[in-house]
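Geometric and topological summary
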Amino acid sequence: MRAWRSSSRSRRVSIRDSIVSGNQNSGIASNDTTAGVTVRTSISNTLVANNAFGILATGVGQTTTINNNTVTGNNRGLFGGGTMLSFGNNFVSLNIASD
């Protein structure tokens with residue numbers, strides 16, 4: 001994982017070629033908890049499996065982009081009230097709750 005600050009009001013995170021598995025809460029959580037802060041998360045070529053939430057995206061100021069990931073075996077695969085953008089090539093299936 002790589003995280004960096006591009007300004008005092010912006011955060012950027014990239015996760016690539018990883019396995020995120022077996023977490024009691026979220027596998028990957030992207031959220032903005034401070035008003036006016038933007039959070040940009042990019043997740044690529046990653047297995048997200050066997051977590052409570054696979055990928056959780058919440059908050060008005062956050063955007064999560066997903067590309068070529070496998071999200072499976074979680075209680076919820078993709079979840080949240082934030083913006084989630086997909087390249088359309090993700091495998092999201094076999095999660096307990098509907099995806």
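Note that the structure is a prediction, hence the values are computed from the model and not measured.

**Brief notes about the sheet that holds strand β7 (residues 53–58)**
The parallel open sheet is built from three strands, whose spatial order is β4-β7-β10. Single-partner strands in this sheet number two, and they are β4 (26–31) and β10 (76–79). Across this sheet, the average inter-strand angle for adjacent strands is 10°, counted without regard to direction. Pairing analysis gives three bridges linking β7 to β10, with the strands arranged parallel. Looking at β10, one finds that L56 is bridged to F79.

**Remarks on unusual backbone geometry**
Negative phi values dominate among residues other than glycine, just as trans dominates among peptide bonds. Of note in the backbone geometry, N45 takes a positive phi value of approximately 50° without being a glycine. Among the structural elements, N45 can be located in the loop between β5 (38–44) and β6 (47–49). The backbone phi angle of N50 is positive, close to 60°, even though this residue is not glycine. Note that N50 resides in the loop between β6 and β7. A relative accessible area of 48% means that N50 is categorised as partly exposed.

**A few points about the sheet that holds strand β12 (residues 91–92)**
Spatially, four strands are ordered β3-β6-β9-β12 in an open sheet, and the strand pairing comes out parallel. Edge positions in the sheet fall to β3 (19–21) and β12, since each has one partner strand and no second. As paired strands, strand β9 (residues 70–72) and β12 are joined by two bridges and run parallel to one another. Paired with T70 across the bridge in β12 is F91.

**Concerning the side chain of T64**
Inspection of the secondary structure assignment puts T64 in strand β8 (residues 62–67). Of note is the side chain of T64, whose polar atom sits 3.5 Å from the side chain of S30. At 2.8 Å, the side chain of T64 and the side chain of Q62 are in polar contact.

**A few points about the side chain of N69**
Considering the arrangement of structural elements, one finds N69 in the loop between β8 and β9. Given a relative accessible area of 1%, N69 falls into the buried group. Within the structure, the side chain of N69 is placed 3.2 Å from the backbone nitrogen of N45, a separation counted as a polar contact. A polar side-chain atom of N69 sits 3.3 Å from the main-chain carbonyl oxygen of N67. Apart from the residues lying within four places of it in its own chain, the contact partners of N69 are I43, S44, N45, T46, N89, N90 and F91.

**What to know about the confidence of the model for the protein**
Any region with low pLDDT has predicted coordinates that should not be read closely. Of all residues in the protein, 87% attain a pLDDT of 70 or more, and the chain-wide mean is 87. Within the protein, strand β1 (residues 2–7) has the poorest average pLDDT of any element, 48, and β6 the best, 98.

Reading guide: rules and limits
Residues numbered from 1 in each chain as written. Predicted model: local features only at pLDDT ≥ 70, side-chain atom pairs only at ≥ 80, totals over all residues. Heavy atoms only, no water. Pairing = 2+ DSSP bridges. Helix = DSSP H or I, 4+ residues; strand = E, 2+ residues; numbered from the N terminus. Axes fitted to C-alpha atoms, helices over the stretch in contact; angles between N-to-C directions. Buried < 20%, exposed > 50% of the residue type's maximum accessible area, 1.4 Å probe, protein only. Polar contact = N/O pair within 3.5 Å; in protein donor to acceptor, adjacent residues only side chain to side chain. Contact = heavy atoms within 4.5 Å. pLDDT = per-residue confidence, 0-100.

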